[in-house]
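Architecture and fold: a report
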Amino acid sequence: MCELDIRSTLKKDISNSSYNLSKVEKDMLSDLTNKKTIRFIKPDKGGGMTIFNMSDYNNEMENILTSETYSVPKSVCSEACLSGYRRVIRQGEPPCCFDCIPCSDNEISNKSDSSNCIMCPGDHWPNTAKNICNPKYIDFLSYEDPLGISIATLTGFLSLMPVVVFFIFVKHHNTPVVKANNREVSYFLLLSLELCLLTALIFIGSPKNETCIFRQPAFGIFFSICISSVLAKTITVIIVFHATKPGSSLKKWVGSKMSFFIIICCSLFQCCICVVWLSLYPPFLESDNKYPEKTVIQCNEGSIFMFYLLLAYLGILATVCLIIAFLARNLPDSFNETKFITFSMIVFVSVWLSFIPAYVSTKGKYMVAVEIFAILSSSAGLLLSIFSPKCYIILIRPDMNRREHITRQQSNAYNS
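Let me begin by describing the structure that accompanies this report.

About the thresholds
Residues numbered from 1 in each chain as written. Predicted model: local features only at pLDDT ≥ 70, side-chain atom pairs only at ≥ 80, totals over all residues. Heavy atoms only, no water. Helix = DSSP H or I, 4+ residues; strand = E, 2+ residues; numbered from the N terminus. Buried < 20%, exposed > 50% of the residue type's maximum accessible area, 1.4 Å probe, protein only. Contact = heavy atoms within 4.5 Å. Areas by Shrake-Rupley, 256 points an atom, 1.4 Å probe, with all protein chains shown as cover. Expected span 1.5 Å × (residues − 1). Pairing = 2+ DSSP bridges. Axes fitted to C-alpha atoms, helices over the stretch in contact; angles between N-to-C directions. Parallel < 35°, antiparallel > 145°, perpendicular 65-115°, else oblique. Nonpolar A, V, L, I, M, F, W, Y, C, P; charged D, E, K, R; others polar.

Some remarks on the overall build of the protein chain
- The helix and strand tally for the protein chain stands at 12 helices and 11 strands.
- Across the 416 residues that make up the protein chain, the buried fraction comes to 40%.
- Across the protein chain, contacts joining residues at least 24 apart in sequence account for 62% of those joining residues at least 6 apart.
- Of the accessible surface of the protein chain, which amounts to about 23600 Å², a share of 63% is contributed by carbon and sulfur atoms.

Here it is in structure tokens:
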């Protein structure tokens, strides 16, 4: 375009005296406009010289300028940045020279050649191209989630086991095995185990303020009742064994009243912990937006110290029960429930000791799943360890579920 404009301008004004051109200069310009042959010497890239005719140059320029594919050269040294990127001017270079860098996490740029990126709201997250803010999906352990479905199914299956054992004991309530192992406390223990298993369902589903407030205290109180019942059974077994000896003064302590007194006293302290917890630091519902692409809805425990205090008391009860049961493991076979109680307490303590590091290292719905797994596994461990030997004798070995069999074992124990 420049060459054609120069040529048209020279044709009009070459004779104008205002240019003050010499004759030689006018002749050269006249030759240029008339496309006469003028030779130019131009240095080439290799360091030599190139000679070409002006007429050839004019012809080539006209072909380029009149071509359909001709476009005006760019006047900037950098292409415009696409959406999702922002401009960063190169240091020491003109403003038209810049680099395009992607927007940072949680930022977008919804127009091209943008100098700044825009922060997405807390409940939104940028798409892959970082040009649109999409709403974050809500994350919690739901009944529609495969993990939630699996846990709910397992909970439903395990919760049937105490019911089955309860009906077996009720049907054979007058048999020696059921009567010899503190029948009333056994029923109460089965009820508390059923409640422990069902508390797992409170942890599944969309968290609410009501479920956040009651789920941990319910778990703590039901488990303290369960461990207290096991402790009461252990102490009762020891008292009954020594009370059957001639002249023993422990006969007045034999009975369900003593067992339920132990259960109430041991569970009362856990209830006090929960009352203080709910009064001073009640749990509440919160939304955690720190995760990319999702908003985690979860329960804030209010005070992590109170939660660990609740667990610590359960650990103390289980440890005391374990020690007493271990020391009484050599009682006669008819009263040898302490061996199974010892094993059940080992299972219980092992599960909850492994729970703490797993609970601390997980977040979101997986943290809830870890606690549910600890509840289910410890409850199932207690149920199977304590009651499966009795069910085996009742259903498969009825010959051992006779008074003569127990009396013979007692006689052997006294003689030894």
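Quick word on helix α6 (residues 183–198)
- Taking 1.5 Å of rise per residue, 16 residues should cover 22 Å, and α6 covers 23 Å from first to last C-alpha, within 8% of that figure.
- Listing the buried residues of α6 in full gives Val185, Ser186, Tyr187, Leu189, Leu190, Ser192, Leu193, Glu194, Cys196 and Leu197.

Side note on the sheet that holds strand β10 (residues 284–288)
- Spatially, β9-β11-β10 is the arrangement adopted by the three strands of the open sheet, whose pairing is mixed. At either margin of the open sheet sits one strand with a lone partner, and together these are β9 (137–139) and β10. Geometrically, the sheet is characterised by an average inter-axis angle of 25 degrees between neighbouring strands, direction not taken into account.

Comments concerning the packing of helix α4 (residues 146–171) against α6
- Relative to each other, α4 and α6 sit at 170 degrees, their axes nearing to 9 Å. Considering the angle they form, α4 stands roughly antiparallel to α6. Residues Thr155, Leu158, Ser159, Pro162, Val163, Val165, Phe166, Phe169 and Val170 of α4 form the contact with α6, whose participating residues are Ser186, Tyr187, Leu190, Glu194, Leu197 and Leu198.
- Within the contact of α4 with α6, the residues separate by chemical class into 11 nonpolar, three polar and one charged.

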